[in-house]
Amino acid sequence: MSDILRIAIDGPGGAGKSTVAKAVAKKLGIDYIDTGAMYRAIAYKFMSLGIIPGKDNDAQFQDLINKILASTEVDYSKGITRLDGTDVSDKIRTAEISSTASSFSAFPSVRKKLVSLQQKMAQEKSLVMDGRDIGSNVIKDAELKIFLTASPEERARRRFEELSKKNDKVDYEAVLCDMKIRDRNDMSRQLNPLVKAEDALELDSSNMSVDEVVDLICERAKQLF
Ligand code: DC
């Protein structure tokens with residue numbers, strides 16, 4: 001039995017991590033941290049400044065990134081993502097930001113800054129944190145680790161529905177293609193790639209409802225707490 005309960009939920013985009021993590025946190029009465037939102041906020045800042053990663057991210061480009069990062073503040077609290085003090089929660093939920101966040105998340109300086117912030121947030125406090133490297137890197141000693149997956153087609157279908165509600169011009173095949181590219185980027189980057197931690201419980205949500213996944217995780221959590 002443990003005094004604090006840190007639940008790490010990792011997995012590819014569209015697997016339902018945020019929905020599940022939010023519901024688990026609510027049910028257990030603990031905080032929820034969406035680390036993807038933090039990477040999205042950074043990507044939003046770079047994009048707003050017209051900075052786009054290319055094939056050749058040379059030393060000059062890295063210097064520019066580091067300079068901007070040094071004066072950038074990202075915060076996630078109570079469901080709100082703040083960038084330099086401004087709420088950007090709605091602005092970061094676009095297909096363009098999804099893919100740019102994936103590209104910028106491979107930069108060591110971006111990861112260093114956000115991982116250190118996330119580790120501070122997770123210090124001696126019960127919470128649910130979702131992302132790509134939470135169980136394998138950010139909170140290696142988390143009390144409960146979940147690796148949530150679903151087939152690429154099912155994940156693309158969910159993302160398509162989510163995006164369709166905001167923008168009727170979205171195309172399923174394009175969403176599926178973006179999802180596969182993002183999976184490859186997230187799994188193949190050198191630093192903290194998306195990987196199942198050895199001690200994580202793998203759940204395939206393709207044929208499970210959100211409630212089923214949430215109940216299963218809460219049951220496990222109650223056994224520990
Ligand atoms: O979970 P999401 O789709 O909001 O995440 C956006 C991108 O941020 C994702 O493609 C990879 C990156 N990310 C990461 O590298 N590490 C995390 N812990 C969370 C997200």
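In this text the structure is predicted, and so the values were computed from the model without any measurement. Every chain is numbered independently, its residues counted from 1 as its sequence is written. Reporting in this predicted model follows two pLDDT cut-offs: at least 70 for local features of residues, and 80 or more for side-chain atom pairs to be given and counted; totals over whole chains, interfaces and linings ignore these cut-offs and use all residues. Remark: hydrogens and water are excluded; side-chain values derive from all non-hydrogen atoms of the structure.

To continue, consider the packing of aromatic side chains. Ring pairs shown here join Phe, Tyr and Trp side chains whose ring centres sit within 6.5 Å, with only the six-membered ring taken for Trp; geometry is labelled stacked below 30 degrees between planes, edge-to-face above 60, and tilted in between. Inspection of every chain in the model, using the stated rule, returns five aromatic pairs. Consider the rings of F104 and F107, whose centres lie 5.6 Å apart with planes at 40°: the pair is tilted. Three exposure classes are used, based on accessible area relative to the maximum for each residue type with a 1.4 Å probe and protein chains only: buried under 20%, partly exposed in between, and exposed over 50%. Residue classification places F104 among the buried positions, given a relative accessible area of 0%.

This part covers the environment of L194. For the purposes of this entry, the term helix denotes a DSSP run of H or I that reaches at least four residues, the term strand denotes a run of E that reaches at least two, and both are numbered from the N terminus. Counting through the fold element by element, L194 comes out in the loop between α8 (172-188) and β8 (201-204). Along the chain, L194 and D215 lie 21 residues apart, while their C-alpha atoms are 25 Å from each other. For this analysis, residues touch if any pair of their heavy atoms sits within 4.5 Å. With near-sequence residues (within four places) excluded, L194 lies in contact with G11, P12, R132, F147, D186, M187 and R189.

One requirement defines pairing of two strands: DSSP has to find at least two bridges between them. One open sheet holds the three strands; their spatial order is β3-β4-β5, and the pairing between them is antiparallel. Of all strands in the sheet, those with a lone pairing partner are β3 (74-77) and β5 (86-87), marking the two edges. Where β3 meets strand β4 (residues 80-83), four bridges bridge the pair, whose relative direction is antiparallel. Paired with Y76 across the bridge in β4 is T81.

Here we come to the site of the ligand. We call a residue near a given molecule or strand whenever any one of its heavy atoms falls within 4 Å of it. Taken together, 15 residues lie near the ligand, and R40, R111, R132, D133 and R182 sit nearest. Here R132 contributes a side-chain N or O atom positioned 2.9 Å from an oxygen atom of the ligand. Polar contacts, as used here, are pairs of N or O atoms within 3.5 Å; protein pairs need one atom able to donate a hydrogen and one able to accept it. Residues neighboring in sequence count only if both atoms are side-chain atoms. D133 is positioned such that a nitrogen or oxygen atom in its side chain is 2.8 Å from a nitrogen atom of the ligand. Every accessible area reported is derived by Shrake-Rupley at a probe size of 1.4 Å, with residue values counting cover from the shown protein chains alone. For the ligand, the accessible surface in isolation is 450 Å², of which the surrounding protein chains cover 97%. Those elements giving two or more residues to the shell around the ligand turn out to be α2 (35-48), α4 (95-104) and α8. When residues are sorted by character, Ala, Val, Leu, Ile, Met, Phe, Trp, Tyr, Cys and Pro go into the nonpolar class, Asp, Glu, Lys and Arg into the charged class, and all the rest, Gly among them, into the polar class. For the shell around the ligand, the per-class residue count stands at three nonpolar, five polar and seven charged.

The next subject is unusual backbone geometry. Positive phi values are uncommon outside glycine, yet D84 reaches one of about 50°. Residue E124 is not a glycine yet carries a positive backbone phi of 50°. With respect to the secondary-structure elements, E124 resides in the loop between α5 (108-121) and β6 (127-131).

This brings us to the side chain of K17. As for its placement among the helices and strands, K17 is situated in helix α1 (residues 17-28). It is D130 that comes nearest to the buried, bridge-free K17 among opposite-charge side chains, at 5.2 Å. At 3.0 Å, the side chain of K17 forms a polar contact with the backbone oxygen of P12. Residues contacting K17, with those up to four places away along its chain left out, are I9, D10, G11, P12, D130, G131, R132 and L148. This count recognises Lys and Arg as positive and Asp and Glu as negative, with His and chain-terminal groups excluded. In the sections that follow, a salt bridge refers to a side-chain nitrogen of Lys or Arg positioned within 4 Å of a carboxyl oxygen of Asp or Glu.

Every α-helical turn comprises 3.6 residues, leaving residues that sit three or four positions apart pointing alike. In a helix, the anticipated span is given by 1.5 Å times the number of residues less one. For α2, built from 14 residues, the straight-helix expectation of 20 Å at 1.5 Å per residue is met to within 8% by its first-to-last C-alpha distance of 20 Å. Of all the 14 residues making up α2, 10 are buried; the element is thus mostly covered by neighbouring parts of the structure. Taken together, the buried positions of α2 are occupied by T35, A37, M38, Y39, R40, A41, I42, A43, K45 and F46. Two or three places before G36, at the start of α2, stands the capping residue D34, its side-chain oxygen 3.1 Å from that residue's backbone nitrogen. Positive backbone phi, at 80°, marks G50, one or two positions downstream of α2.

Another point: the packing of α2 against helix α3 (residues 59-70). Following both chains from N to C, one finds α2 and α3 inclined at 115°, their axes separated by 12 Å at the closest point. Judged on the interaxial angle alone, α3 and α2 are roughly perpendicular. By crossing handedness, the relation of α2 to α3 is classed as right-handed. Listed contacts from α3 to I42, K45 and F46 of α2 are I65, I68 and L69. Taken together, the residues of the contact of α2 with α3 break down into five nonpolar, no polar and one charged. Think of each axis as a best-fit line through the C-alpha atoms, taken over the contacting stretch in the case of a helix, with angles from 0 to 180 degrees between the N-to-C directions. Roughly parallel here means an angle under 35 degrees, roughly antiparallel means over 145, roughly perpendicular means 65 to 115, and every remaining angle is called oblique. We call a crossing left-handed when the near helix sits turned anticlockwise from the far one by less than a right angle, and right-handed when that turn is clockwise.

On to the sheet that holds β8. Within the open sheet, the five strands sit side by side as β2-β6-β1-β7-β8. Their pairing is parallel. The open sheet has two edge strands with one neighbour each: β2 (31-34) and β8. Adjacent strand axes in the sheet meet at a mean angle of 20° when their direction is disregarded. Relative to β8, strand β7 (residues 144-149) runs parallel, the two being bridged by four bridges. By the bridge assignment for β8, I146 is matched with L201. Against the sheet, α1 contacts β1 (6-10), β2, β6 and β7, and its axis sits at roughly 175° relative to β6. Contacting β1, β7 and β8, helix α9 (residues 210-224) runs over the sheet at an angle of about 165° to β7.

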